Amino acid sequence: MSIKSLIINPGSTSTKIGVFEDETLLFEETLRHSTEEISQYAAIVDQKDFRKKIITDLLESKNFDVKSLDVIVGRGGMLKPIPGGTYAVTDALIEDLKAGVSGQHASNLGGILAKEIGDAIGVPSYIVDPVVVDELMPIARYSGVPELPRVSIFHALNQKAVAKRYAKECGKDYESLRLVVVHMGGGVSVGAHEYGKVVDVFNALDGDGAFSPERAGAVPAGALIKMCFSGQYTQKEIYSKIVGKGGFNAYLGTNDMREVTKRAEAGEEKAIEAKEAFILQVAKDIGSMACVLNGKVDQIILTGGIAYGKEVVEALRERAGWIAPFTVYPGEDELLALAQGAIRVMTGEEEAAKY
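This text gives an overview of the structure that appears in the document. (Residues numbered from 1 in each chain as written. Predicted model: local features only at pLDDT ≥ 70, side-chain atom pairs only at ≥ 80, totals over all residues. Heavy atoms only, no water.)

**Examining the environment of G186**
Along the polypeptide, G186 turns up in the loop between β7 (178–184) and β8 (188–194). C-alpha separation for the pair G186 and G305, spaced 119 residues apart in sequence, amounts to 8.4 Å. In contact with G186, not counting residues within four places along its chain, are S212, P213, E214 and R215. (Helix = DSSP H or I, 4+ residues; strand = E, 2+ residues; numbered from the N terminus. Contact = heavy atoms within 4.5 Å.)

Structure representation (structure tokens):
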């Protein structure tokens, strides 16, 4: 018997939805929201009814019978740190999404919308591997400053999905493998997956690991402190240098790796150097995570939009291919990853985790 699912992935200015029958996509839509529409709501949670109506109106316009659905899946939001897995959307989970216990983000609406729509038609609702997935081993939390422990915020959904895909394709259990997974998109995260858990990872949000198209990654701490107290910048301006205006944005004025590559191929020295620096930093992160796994790495997996760039993949293979073989799954199919998480629970392959 097939499983029909509705997937809801809210972003800051859009809501992506997909309808799947098992792992086959029946249709998907990206519903765009103007600044004017969003700005009329004081808080993210206040957008709930607005976004819900847009979703249900779309389904109605396609003459899709909502009651034919077996499960609703929402993108996980900024919850308390939790282990990876597919979580049933409970009242406690909803309360923490509304409160934004780890921060306010549009993805917090994913579970809220999933539960409302699911409850209305009497089917279960889930979230899958939110960005706050935290499976770090205790010694990975040490930063050198007790008040500033290292944290786990990364592309958990895509990292876990491609790791499980690789395991399935090679006929092994995810829980039996040691993998280094590299997500390269607007942010970069590199994780050490040891026997089903991400025991160490570079925080992809605000101040760890390689720089990316929009983020600065790790920066010299002493110089950053001096910048903070120079009186030249507000806290908001400093933070935007780390998240949003950092990385390639800061060096080249673009967050598009395709443009960086085009400019590098045209001979622009600054673009060539920045791209090589990016590759060096990602390779160093791979090496670091290989050390976490004691050098016993079964596979290095590259994913995210930048993994479409064959020259980036080959350059990383040249620098880090001596550690382990490479597998490349370019892009980030978040809708499918969310559907797969629900399918694993609905078919009994996994148990739903409890929040």
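**A closer look at the sheet that holds β7**
Read from one edge to the other, the open sheet built from five strands follows the order β9-β8-β7-β10-β11, with strand pairing classed as mixed. At either end of the open sheet lies a strand with only one pairing partner, and these are β9 (197–201) and β11 (326–330). Across this sheet, the average inter-strand angle for adjacent strands is 25 degrees, counted without regard to direction. As judged from the seven bridges shared by β7 and β8, these two strands associate in the antiparallel manner. Across the sheet, the residue bridging to V180 is A192, located in β8. Along the sheet face, helix α11 (residues 310–320) touches β7, β10 (299–304) and β11 and points at about 155 degrees away from the line of β11. (Pairing = 2+ DSSP bridges. Axes fitted to C-alpha atoms, helices over the stretch in contact; angles between N-to-C directions.)

**Some points on the pattern of salt bridges**
Throughout the structure, instances matching the rule amount to 21 salt bridges. The residue K48 makes a salt bridge to E116 at a minimum N-O spacing of 2.7 Å. Residue K48 is found in helix α2 (residues 48–61), and its partner E116 is found in helix α4 (residues 108–121); the two are separated by 68 residues along the sequence. For the salt bridge of D256 with R258, the shortest nitrogen-to-oxygen distance reads 3.1 Å. Judged by its relative accessible area of 25%, D256 falls in the partly exposed class. Where salt bridges share partners, they join K48, D49, K52 and E116 into one cluster. (Salt bridge = Lys/Arg side-chain N within 4 Å of Asp/Glu carboxyl O. Buried < 20%, exposed > 50% of the residue type's maximum accessible area, 1.4 Å probe, protein only.)

**Digging into the sheet that holds strand β3 (residues 24–32)**
Reading across the sheet, the six strands line up as β3-β2-β1-β4-β6-β5 and stay open at both edges, with mixed pairing between neighbours. Across the chains shown, the open sheet's two edge strands, defined by having one partner strand only, are β3 and β5 (86–88). Put simply, the sheet's adjacent strands are angled 25 degrees from each other on average, direction ignored. Here β5 pairs with strand β6 (residues 125–128) via three bridges, running antiparallel. Along β6, the bridge assignment pairs A88 with Y126.

**Notes on helix α9 (residues 257–265)**
Inspection of α9 places M257, V260, T261 and A264 among the buried residues, and these make up the whole buried set. For α9, the buried positions fall inside an angular range of 95 degrees around the axis, keeping them on one side. Facing away from the buried surface of α9 by more than 90 degrees, the exposed residues are R258 and K262. Those residues of α9 hidden inside the fold are in contact with α8 (248–252), α10 (269–292) and α11. Regarding α9, its N-cap is D256, as a side-chain oxygen of that residue lies 2.8 Å from the backbone nitrogen of R258 further along. (Arc of directions from axis to C-beta. Polar contact = N/O pair within 3.5 Å; in protein donor to acceptor, adjacent residues only side chain to side chain.)

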